[in-house]
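Below are the chains, spelled out letter by letter.
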Amino acid sequence: MLKPRDNAISWDECFMRMSYVIADRSKDPNTQVGAVITTQNNVAVGMGYNGFPKNVDNDKFPWDRDGESLNTKYPYIVHAEANAIYNANANTEGCRLYVKLFPCNECAKAIIQNGIVEVVYESDKYREQPNFIAARRMFEAAGVECRQYISEWSKENV
């Protein structure tokens, strides 16, 4: 009798890989981020990537990172975490969010308001910036668990 294979990937690995796949939809020339929201039973209920809002032409607004504020992408871009929440096809209360980069303060507010209880992130490269310090403080105050998971796949493929 055949036995099931014992080298299947973990749920963390599965959903972090999915966040990388959805990130490939991003048109951002500098940073591509994807996010996946899952239930506690490991069912994906929302996905999103960083980009401009629906119906906003990618060629009509700047993608620059530097310069006068209105001439950069920052006032216009929707982060992957927020898009995953907007795109969710179920209530996100009690859910987990997988994302390549630790969320900023604006995304932290949306995550908390929508009842997501855990954030699994890969990179924390902006840790010392005020927006990310604020996000950490809010997550701690709201009881949102944050943990780093480094995907085996990303180590090999990124």
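Attention in this report is confined to the structure presented alongside it.

About the criteria used
Residues numbered from 1 in each chain as written. Predicted model: local features only at pLDDT ≥ 70, side-chain atom pairs only at ≥ 80, totals over all residues. Heavy atoms only, no water. Helix = DSSP H or I, 4+ residues; strand = E, 2+ residues; numbered from the N terminus. Contact = heavy atoms within 4.5 Å. Polar contact = N/O pair within 3.5 Å; in protein donor to acceptor, adjacent residues only side chain to side chain. Buried < 20%, exposed > 50% of the residue type's maximum accessible area, 1.4 Å probe, protein only. Pairing = 2+ DSSP bridges. Axes fitted to C-alpha atoms, helices over the stretch in contact; angles between N-to-C directions. Parallel < 35°, antiparallel > 145°, perpendicular 65-115°, else oblique. Left-handed = near helix turned anticlockwise from the far one by under 90°. Nonpolar A, V, L, I, M, F, W, Y, C, P; charged D, E, K, R; others polar.

As for its position among the elements, Trp63 is in the loop between strand E2 (44-49) and helix H2 (80-87). Expressed as a C-alpha distance, the spacing of Trp63 and Gly51, which sit 12 residues apart in the sequence, is 9.7 Å. If we skip the residues at most four places from it in the chain, Trp63 touches Lys27, Asp28, Pro29, Asn30, Gly51, Phe52, Asn58, Lys73 and Ile77. A polar contact is formed between the side chain of Trp63 and the backbone oxygen of Asn58, at a distance of 3.0 Å.

The next subject is the side chain of Asp28. Turning to its location among the elements, Asp28 is positioned in the loop between helix H1 (11-23) and strand E1 (34-38). Within the local environment of Asp28, its side chain forms a polar contact with the side chain of Lys73, the two groups lying 2.6 Å apart. Beyond its immediate stretch of four places on either side in the chain, Asp28 contacts Asn50, Trp63, Lys73 and Ile77.

Burial runs high along strand E3 (residues 96-101): five of the six residues are buried. Where E1 and E3 come together, four bridges link them in antiparallel fashion. Considered in E3, the bridge of Ala35 is made with Val99. Across five bridges, E3 lies against strand E4 (residues 118-123) in parallel orientation.

The next subject is unusual backbone geometry. One non-glycine residue, Asn42, lies in positive phi territory at about 65 degrees. Inspection of the secondary structure assignment puts Asn42 in the loop between E1 and E2. Phi at Asn55 takes a positive value of approximately 65 degrees, unusual for a residue other than glycine. Within the secondary structure, Asn55 sits in the loop between E2 and H2.

Within the fold, Val21 resides in helix H1. Under the relative-accessibility criterion, Val21 is labelled exposed at 56%. Placed 14 residues apart in sequence, Val21 and Ala35 show a C-alpha to C-alpha distance of 9.5 Å.

Look at helix H3 (residues 105-113) against helix H4 (residues 130-142): their axes get within 8 Å of each other, and the N-to-C directions meet at 20 degrees. With respect to H4, the element H3 is oriented roughly parallel. The handedness of the crossing between H3 and H4 comes out as right-handed. Contacts between H3 and H4 involve Asn105, Ala108, Lys109, Ile111 and Ile112 from the former and Asn131, Ala134, Ala135, Met138, Phe139 and Ala142 from the latter. A class-by-class count of the residues in the contact of H3 with H4 yields eight nonpolar, two polar and one charged.

So, about the side chain of Asn50. With respect to the helices and strands, Asn50 occurs in the loop between E2 and H2. Here the side chain of Asn50 touches Val33 through a polar contact of 2.8 Å, landing on its backbone nitrogen. Setting aside residues up to four positions removed in sequence, Asn50 forms contacts with Ser26, Lys27, Asp28, Thr31, Gln32, Val33, Ile77, Val78, His79 and Ala80.

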